[in-house]
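# Summary of structural features
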Amino acid sequence: MIKEVIVVEGRDDIAAVKQAVDAEVIAVGGFGINAKVIERIKDAQKRKGVIILTDPDFAGEKIRSIIDKRVKGVKHAYIAQEDGIKGDDIGVENAKPEVIREALNRARVSEEEYKEIYKAEDMFNFKLTGYKDSKKRRIILGKELGIGYGNANQILNRLNRYCIDKEEFISAINKIEKSLGEKS
């Protein structure tokens, strides 16, 4: 059961979320998030908590970033790009209800202050950067950990910001290696 208020981009996303879960939903309406919407999100964060579920694309990341800077302690839920694609469109509105439920159940809090658990060298050591299949590995890792897609710096930041512990990380890396037919 989702107790938090879900923040999405638009009306189509609201419909998709409502098919997946019974929850209060706020749509921001794009980049130009006005002050009234931010106040609604702040109020929701105080009342119930907030989970941001934006499209797995640049616009979604930008909106997520804007909200995260203005409303502290929100949770972040991600769907994989492949789960949000329908034709030429990518978005939450294209995801199946079970994908949305899974993303919401795996939402993570973005810590304002965090320890540097992972370093850039870890990205290289685990083949998440600097290898021909690094992008594919990051996509799988993001989906496995529920932290979304991104370049090496974005993934590194999320690993630290969401305080992903080493055990969970290594387990995900082992699954990547298994899915790619590599030896652990």
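These lines cover the structure that appears in this document, whether it is placed above or below. (Residues numbered from 1 in each chain as written. Predicted model: local features only at pLDDT ≥ 70, side-chain atom pairs only at ≥ 80, totals over all residues. Heavy atoms only, no water.)

### Section: the overall build of the protein
The secondary structure content of the protein amounts to 8 helices and 7 strands. The C-alpha atoms of the protein give a radius of gyration of 16 Å, which matches the 16 Å a tight globule of 184 residues would have. Dimensions of the protein, computed from the C-alpha atoms along their principal axes, are close to 50 × 40 × 30 Å. Taking all 184 residues of the protein together, the buried fraction comes to 46%. (Helix = DSSP H or I, 4+ residues; strand = E, 2+ residues; numbered from the N terminus. Rg over C-alpha atoms; globule rule 2.2 N^0.38 Å. Buried < 20%, exposed > 50% of the residue type's maximum accessible area, 1.4 Å probe, protein only.)

### Notes on the packing of helix 1 (residues 11-20) against helix 4 (residues 97-105)
Interhelical geometry of helix 1 versus helix 4 gives an angle of 85° and a closest axis separation of 8 Å. The angle between helix 1 and helix 4 places the two elements in the roughly perpendicular class. Where helix 1 approaches helix 4, its residues Ala 16, Val 17, Gln 19 and Ala 20 are matched on the opposing element by Pro 97, Ile 100 and Arg 101. Looking at the contact of helix 1 with helix 4 residue by residue, the class counts come to 5 nonpolar, 1 polar and 1 charged. (Axes fitted to C-alpha atoms, helices over the stretch in contact; angles between N-to-C directions. Parallel < 35°, antiparallel > 145°, perpendicular 65-115°, else oblique. Contact = heavy atoms within 4.5 Å. Nonpolar A, V, L, I, M, F, W, Y, C, P; charged D, E, K, R; others polar.)

### So, the pairing of strand 3 (residues 50-53)
Of the two faces of strand 3, both are covered, the one formed by Val 50 and Ile 52 as well as the one formed by Ile 51 and Leu 53. With 3 bridges connecting them, strand 1 (residues 5-8) and strand 3 associate as parallel partners. Paired with Val 7 across the two strands is Ile 52, which belongs to strand 3. As judged from the 3 bridges shared by strand 3 and strand 4 (residues 75-77), these two strands associate in the parallel manner. The residue of strand 4 that forms the bridge with Ile 51 is Lys 75. Read as a crossover between parallel neighbours, the route from strand 3 over helix 3 (residues 58-70) to strand 4 is right-handed. (Pairing = 2+ DSSP bridges. Right-handed = clockwise from strand over helix to strand, strands pointing away.)

### Structural notes on the packing of aromatic side chains
This model, assessed by the stated rule, comprises 4 aromatic pairs. Judged by centre distance (4.9 Å) and plane angle (55°), the ring pair of Tyr 118 and Phe 169 falls under tilted. Highlighted residues: Tyr 118 in the loop between strand 7 (108-109) and helix 5 (120-125) and Phe 169 in helix 8 (residues 166-179), separated in sequence by 51 residues. Taken individually, Tyr 118 and Phe 169 each receive the classification buried, so the pair is uniform in this respect. (Phe/Tyr/Trp six-rings, centres within 6.5 Å; stacked < 30°, edge-to-face > 60°.)

### What about the sheet that holds strand 4?
Spatial ordering of the open sheet is given by 2-1-3-4-7, a layout of 5 strands whose pairing is mixed. Sheet topology places strand 2 (25-27) and strand 7 at the edges, where each strand pairs with a single neighbour. The strands that helix 4 touches are strand 1, strand 3 and strand 4; relative to strand 3, the one it contacts most, it runs at about 130°.

### Let's talk about the pairing of strand 1
Side chains Val 5 and Val 7 of strand 1 all project onto a buried face; the interleaved residues Ile 6 and Val 8 project onto the opposite face, where all are buried too. Pairing geometry for strand 1 and strand 2, over 3 bridges, is parallel. Bridged to Val 7 within strand 2 is Ile 26. Taken together, strand 1, helix 1 and strand 2 constitute a β-α-β crossover, and its handedness is right-handed.

### What about the packing of helix 6 (residues 134-145) against helix 8?
Axis separation between helix 6 and helix 8 bottoms out at 10 Å; the angle between their running directions is 130°. When the interaxial angle is binned, helix 6 and helix 8 end up oblique. As for the relative orientation of helix 6 and helix 8, their crossing is right-handed in sense. Of helix 8, the residues touching helix 6 (which contributes Arg 137, Ile 140, Leu 141, Glu 144 and Leu 145) are Glu 168, Phe 169, Ala 172, Ile 173, Lys 175, Ile 176, Glu 177 and Ser 179. Per-class residue counts for the contact of helix 6 with helix 8 are 7 nonpolar, 1 polar and 5 charged. (Left-handed = near helix turned anticlockwise from the far one by under 90°.)

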